[in-house]
Amino acid sequence: ANEEVGLSPLFQTLQLENRELVVVRINFHVTLQNLEAVLCKELTASTRYREVFYDGDGKRSEAEFTTYFPSAPELGEVLTAKDVILATGGGKGITFASAKRLATLTGARLILLGRSAIGSSEELDSNLATLKESGVVYEYRSADVMDLEGLKKAICAAEANLGPVTVILHGAGVNQPKMLSQLRLEDFERTESIKVQGLDNVLSCLTNEQLRFVVGFGSIISRSGMQGNADYALANNKLANSISALNKLLPTCRCVTLEWSIWEETGMGVKLGSLAGLKSRGVWPIPLEAGLQQLINHLGDTGVSLPTRIVIGGRYGKMPTLPYLRRKYPVGRFIGKILDGTSGVELISDVSINRTDDVYLDNHVFKGQYIFPTVMILEGMAQCCRAIGGDFFQVTFSNLEIEKSIFIPANAANIIRFIVVRISQHEYVARVRSEDSNFEVDCFRARISTEAISARENSEYASSNDSMLPVDVNMTFTTVFYFIVGHSVEYRGLNIYPLQRLVALSVKRYRVNG
């Protein structure tokens, strides 16, 4: 198979519509030797959906997502009031919301294109009214991206009033769900043409030297396939490939496809009424404000070697065709039963805390009750951050909120749930809940920043490792946590679980900011 053809969404959709099958997609270089043996090996060994790649030397690999976080973004540095944003499919849905937010923040002018005529759609009329109320300078033109002549007239007339287009948001598209067995060639062609040819038509109407951004609004299903949406998935994949190629042709223009999962308050999912069904399968939509912030973050990204395809989504359930990064979690006292998680992004860990396994509890008794100490809660947060982000970190806690103490029964256990989400390259938010409150209350909340320990510091602490990691650890925290727990406490008896090096190092490296 040739990856450039972009047929993955078809194979993925075939798998999702036929769970009793095992679908394997094998990509190989034309010079690969022993092809028959390779095919036999893959087909006999596979028990789930796979996409594998062989180069000419027979080296095997599988595609996997990696996490990407934009560099500290400042949208005002890349978009200004001098810009003119052209948005296809721009009168409604996600594209309208995005164009409006960008214009509101930067003062950029808007050219909105859509097939609906003013006065024919209540949603369109309401949206345009909000632009006027917000003081946004805009023009709406009724135009079909597949009608080249009409498109040229609409864009030329709008540019004459507002200036040359510098930013394209391409959100035009059509989605009419059908099972793969019901789709015909004309369905694929129609769905693809609006996405791919539609963008080509828009580009042909503009002076490319003026362009600074071309942003395609794609879909996560171009990476996963979806039941009843093979044509839409394939069209979005071809759009993304087209924009990636365009990025090479326009060196002064940032060309990127944002491959969204479903949004909560607007967009295709709301239009098709599919939110409830997707939620029942563990797919959670992107809140409107969160999606718009992601758009701002990625357009403001000033990093080097910027990706041309970025998947942005909420939880996406147990989708067997998504190539999530597969990694083993490190050993840690607070890395327990993993309830949910997206590798590199989120972790939910349930841990049974009891006096048999956690003997330090005997030194934390208040009015006859055993208290799960704050220092161990912070340690649990840190371990979860390490499980998500990997590497070796210094940990800083801020905005620590303690809503409720956690007590451990004398002769039983209390399940403690750590919920940690990565919000940027080195930032996390953590919540801790407990079984005795039915996991409904955030007992502890904190924001966590991590940074790599330098080679020099690493060497210093390694040299003192023996004194920090004996079996019978005896450490006193009299000042560091004084203002957290309200009184000075000595934490002793940490001799049951061999603490990892990170744990011992972090003893001197925890910093708590108010």
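Going by the structure above, here's the rest.
Below: a short report on this structure. None of these values were measured; they are calculated from a predicted model. (Residues numbered from 1 in each chain as written. Predicted model: local features only at pLDDT ≥ 70, side-chain atom pairs only at ≥ 80, totals over all residues. Heavy atoms only, no water.)

With parallel pairing, 7 strands are arranged side by side in an open sheet as 6-5-4-7-8-9-10. Edge positions in the sheet fall to strand 6 (138-142) and strand 10 (309-312), since each of these pairs with one other strand and no more. Averaged over all pairs of adjacent strands, the angle between their axes in this sheet comes to 15 degrees, without regard to strand direction. Pairing between strand 4 (residues 84-88) and strand 5 (residues 109-114): 5 bridges, direction parallel. In the sheet register, isoleucine 85 faces strand 5, and the bridge partner there is leucine 110. Contacts from helix 3 (residues 93-106) reach strand 4, strand 5, strand 7 (167-170) and strand 8 (213-219), with the element oriented near 170 degrees to strand 5. In this fold helix 5 (residues 148-162) packs onto strand 4, strand 5 and strand 6, with an angle of close to 165 degrees to the strand it touches most, strand 6. (Pairing = 2+ DSSP bridges. Helix = DSSP H or I, 4+ residues; strand = E, 2+ residues; numbered from the N terminus. Axes fitted to C-alpha atoms, helices over the stretch in contact; angles between N-to-C directions. Contact = heavy atoms within 4.5 Å.)

Next up on the list: the pattern of salt bridges. Across all of its chains, the model carries 20 salt bridges by this definition. A salt bridge links glutamate 259 to arginine 309, with the shortest nitrogen-to-oxygen separation between them at 2.8 Å. With glutamate 259 in strand 9 (residues 254-260) and arginine 309 in strand 10, this residue pair connects regions lying 50 residues apart in the sequence. Taking relative accessible area as the criterion, glutamate 259 reaches 0% and is therefore assigned buried. Overall, arginine 309 belongs to the buried group, its relative accessible area being 18%. The partner of aspartate 436 in a salt bridge is lysine 404, and the shortest N-O contact between them spans 3.8 Å. Of this pair, aspartate 436 sits in the loop between strand 18 (427-434) and strand 19 (444-452) while lysine 404 sits in the loop between strand 15 (393-402) and strand 16 (407-408); the two residues are 32 residues apart in sequence, bridging distant segments of the chain. For aspartate 436, a relative accessible area of 45% translates into the label partly exposed. Note on lysine 404: relative accessible area 28%, which makes it partly exposed. (Salt bridge = Lys/Arg side-chain N within 4 Å of Asp/Glu carboxyl O. Buried < 20%, exposed > 50% of the residue type's maximum accessible area, 1.4 Å probe, protein only.)

Let us now look at the sheet that holds strand 14 (residues 369-371). What links the strands of a sheet is backbone hydrogen bonding, and the strands pair in either a parallel or an antiparallel sense. In space, the 3 strands of this open sheet follow the order 13-14-16, with antiparallel pairing throughout. In this open sheet, the two strands that pair with only one neighbour each are strand 13 (365-366) and strand 16. Summarising the sheet, strand 13 and strand 14 pair through 2 bridges and their orientation is antiparallel. Its bridge partner being in strand 14, valine 365 is matched across the sheet by tyrosine 370.

So, about the packing of aromatic side chains. Between two aromatic rings, the relevant description is the distance of the centres plus the angle of the planes. Summed over the entire model, instances satisfying the criterion amount to 4 aromatic pairs. Their ring planes at 75 degrees and their centres at 4.9 Å tell us that tryptophan 260 and tryptophan 263 sit as a pair that is edge-to-face. Here the aromatic cluster, defined as three or more aromatic residues joined through ring pairs, consists of Phe217, Trp260 and Trp263. (Phe/Tyr/Trp six-rings, centres within 6.5 Å; stacked < 30°, edge-to-face > 60°.)

Mapped onto the elements, serine 434 comes out in strand 18. Within the structure, the side chain of serine 434 is placed 2.5 Å from the side chain of aspartate 436, a separation counted as a polar contact. When sequence neighbours within four positions are dropped, the list of residues in contact with serine 434 reads Lys404, Ile406, Asn414, Ile415, Ile416, Phe439 and Cys443. (Polar contact = N/O pair within 3.5 Å; in protein donor to acceptor, adjacent residues only side chain to side chain.)

We now examine unusual backbone geometry. Positioned with a positive phi, asparagine 34 is a non-glycine residue whose angle comes to about 55 degrees. Of note in the backbone geometry, lysine 367 takes a positive phi value of approximately 55 degrees without being a glycine. Within the secondary structure, lysine 367 sits in the loop between strand 13 and strand 14. The exposed category is assigned to lysine 367, whose relative accessible area is 73%.

What follows is about the state of the cysteines. In total, this model carries 0 disulfides according to the counting rule given. Residue cysteine 253 stays outside any disulfide, its sulfur separated by 3.9 Å from that of cysteine 255, the closest cysteine. Summary of cysteine pairing: cysteine 384 is not part of a disulfide, and the nearest cysteine sulfur, belonging to cysteine 385, is at 7.2 Å. (Disulfide = S-S within 2.5 Å.)

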